[in-house]
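Okay, here's what each chain looks like letter by letter:
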Amino acid sequence: MVFDSILVVCVGNICRSPLGERLLAAKLAERGLDIAVTSAGIAALAGHDADADATAVATARNVSLDGHVARQFSHEIGSSHALILVMEAGHKREIVKTAPDLSGRIMLFDQWTGAVGIPDPYRRSTTFHEEVFAQVEKAATAWVDKLEKSTMGKSKNAR
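Read on for an overview of the structure. Owing to the predicted nature of the structure, the values given are computational and were not obtained by experimental measurement.

Here we look at the pairing of strand E1 (residues 5-10)
Right, on to step 1. With six of its six residues buried, E1 lies for the most part within the structure.
Right, on to step 2. Judged by which residues are buried, E1 turns out to be covered on both faces: Ser5, Leu7 and Val9 on one side and Ile6, Val8 and Cys10 on the other are all buried.
Right, on to step 3. When E1 meets strand E2 (residues 36-41), the two strands line up parallel, connected through six bridges. Within the sheet, the bridge partner assigned to Val9 lies in E2 and is Ala40.
Right, on to step 4. In terms of handedness, the path from E1 via helix H1 (residues 16-30) over to E2 forms a crossover that is right-handed.
Right, on to step 5. For E1 and strand E3 (residues 83-86), the ladder comprises four bridges, and the chain directions are parallel. Note on E3: the bridge partner recorded for Val9 is Val86.

Definitions and limits used
- Residues numbered from 1 in each chain as written.
- Predicted model: local features only at pLDDT ≥ 70, side-chain atom pairs only at ≥ 80, totals over all residues.
- Heavy atoms only, no water.
- Buried < 20%, exposed > 50% of the residue type's maximum accessible area, 1.4 Å probe, protein only.
- Helix = DSSP H or I, 4+ residues; strand = E, 2+ residues; numbered from the N terminus.
- Pairing = 2+ DSSP bridges.
- Right-handed = clockwise from strand over helix to strand, strands pointing away.

This is the structure:
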């Protein structure tokens, strides 16, 4: 299946999901894959900027979270995306409670790098934020590898 849009979801939409959104979007663009990426939170701090610690760690690694505004996940937002990537298995359970029809499009952000979930760094140490950044970056790269193979396979079959 070829995906044209991805929604990255965590709890507050101020740490992991904006980071995942920006890393995934950048890596997809680097590979020439035209897939829109956005994010939301299941208990979002709606209207807030990205967390200062997450922003500092991302900025130190040349990833900008500037302009991010947290938003609440809704069925409407979820249903407008082909793939929903959650940071923890519990996030899928929460989404499925209110939007069971979206179950088939939800996978873990770290699906291809262990599928154990990526922990929440909110109000944790800078070192913890750095560890989470590394996990998100590794998982984003793995997703782009999978999506690129999927796209290449479809392109070859179309010829």
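Back to the write-up after that little detour.
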